[in-house]
Amino acid sequence: MTTITKNNLSIFLKNYHNLHDSYITNINYDIKNSKIELYIDVAWSFDPTLRSDGTYETNKTKLLVILDNIETYSIKEIFKWDYIDNIYIKYIKFNNNEFICLADNKDDPLIYIVCHSMKYEEKD
């Protein structure tokens, strides 16, 4: 798994096109270990290829995102048609400490998680 850091966050966002048009397909809570796992069907990854018919091959993939040592979170009801337009992932100050924040959108998120660390890997 790859850990998201300040140094590679912008690369992650670029490689996965800010998770634009992607879907959260599963959320697993591990309350005892203060961990949330997100399974995301990613619509766009790396460099899309223009096909001869004028459409794009977007390089769809699946990500497992693990958020460890949760400080706070809020998850509203998410339906299969709720997609991510532009993911919000930032390092923030909260209770005089620095955390990583993930939200499916900046203004009115369905999912909002503040934690100590975030890591990811592509799944088959």
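Residues numbered from 1 in each chain as written. Predicted model: local features only at pLDDT ≥ 70, side-chain atom pairs only at ≥ 80, totals over all residues. Heavy atoms only, no water.

Q: Looking at this structure, how should I read the nonpolar core?
A: Grouped burial of nonpolar side chains is what soluble globular proteins tend to show. Of all hydrophobic cores here, the largest spans 25 residues; its most connected members are Phe 12, Leu 38, Leu 63, Leu 67, Ile 89 and Met 118. Contributions of two or more residues to this core are made by helix H1 (9–15), strand S3 (35–42), strand S6 (61–75), strand S9 (97–103) and strand S10 (111–123). In terms of residue count, S10 provides more of this core than any other element does, five residues in total. (Core = buried A, V, L, I, M, F, W, Y, C linked by side-chain atoms within 4.5 Å. Buried < 20%, exposed > 50% of the residue type's maximum accessible area, 1.4 Å probe, protein only. Helix = DSSP H or I, 4+ residues; strand = E, 2+ residues; numbered from the N terminus.)

Q: Before we go on, may I ask you to explain empty space enclosed by the protein in this structure?
A: Counted according to the given criterion, the structure contains one cavity of 30 Å³ or more. As a volume, the largest cavity reaches approximately 50 Å³. Lining the largest cavity are Ile 24, Ile 78, Asp 82, Tyr 83, Ile 84, Asp 104, Leu 110 and Ile 111. Split by residue class, the lining of the largest cavity holds six nonpolar, no polar and two charged. (1 Å grid on protein atoms, 1.4 Å probe; cavity = no way out; pocket = protein on both sides within 12 Å on 5 of 7 lines; lining within 4 Å. Points joined across faces, edges and corners; volume = space filled by probe spheres on them. Nonpolar A, V, L, I, M, F, W, Y, C, P; charged D, E, K, R; others polar.)

Q: Please explain the pairing of S10 as it appears in this structure.
A: A regular strand places its side chains so that they alternate between the two faces of the sheet. Both strand S1 (residues 2–3) and S10 contribute to a ladder of two bridges, which runs antiparallel. Its bridge partner being in S10, Thr 3 is matched across the sheet by Lys 119. Bridging between S6 and S10 involves twelve bridges; their strand directions are antiparallel. Bridge pairing in S10 links Val 65 to Tyr 120. (Pairing = 2+ DSSP bridges.)

Q: Teacher, can you tell me more about the side chain of Glu 37 here?
A: Looking at the element boundaries, Glu 37 is found in strand S3. Buried charge Glu 37 goes without a salt bridge, the closest partner of opposite sign being Lys 35 at 4.2 Å. Those residues in contact with Glu 37, other than ones at most four positions away along the chain, are Asn 26, Ile 27, Asn 28, Leu 64, Val 65 and Ile 66. (Lys, Arg positive; Asp, Glu negative; His and termini not counted. Salt bridge = Lys/Arg side-chain N within 4 Å of Asp/Glu carboxyl O. Contact = heavy atoms within 4.5 Å.)

Q: Could you clarify how one ought to interpret the environment of Trp 44 in this entry?
A: Summarising the element assignment, Trp 44 is placed in the loop between S3 and strand S4 (49–50). The class for Trp 44 is partly exposed, based on a relative accessible area of 22%. Along the chain, Trp 44 and Tyr 16 lie 28 residues apart, while their C-alpha atoms are 5.9 Å from each other. Each residue touching Trp 44, except ones within four places of it in the same chain, is listed here: Asn 15, Tyr 16, His 17, His 20, Asp 21, Tyr 56, Thr 58 and Asn 59. At a separation of 3.5 Å, a polar atom in the side chain of Trp 44 contacts the side chain of Asp 21. (Polar contact = N/O pair within 3.5 Å; in protein donor to acceptor, adjacent residues only side chain to side chain.)

Q: Which parts of the structure should I look at to understand the packing of aromatic side chains?
A: The way to describe two aromatic rings as a pair is by their centre distance and the angle between their planes. All chains considered together, the criterion is met by eight aromatic pairs. On the basis of an interplanar angle of 50° and a centroid distance of 5.2 Å, the ring pair of Phe 12 and Tyr 16 is categorised as tilted. Each member of the pair, Phe 12 together with Tyr 16, is buried. Judged by its relative accessible area of 2%, Phe 12 falls in the buried class. A network of ring pairs unites the aromatic residues Phe 12, Tyr 16, Phe 46 and Tyr 120 as a single cluster. Seen from the ring of Tyr 91, Lys 6 lies directly overhead, with NZ or CZ sitting 5.7 Å from the centre. (Phe/Tyr/Trp six-rings, centres within 6.5 Å; stacked < 30°, edge-to-face > 60°. Lys NZ or Arg CZ within 6 Å of the ring centre and 35° of its normal.)

Keep in mind these values describe shape, not function.
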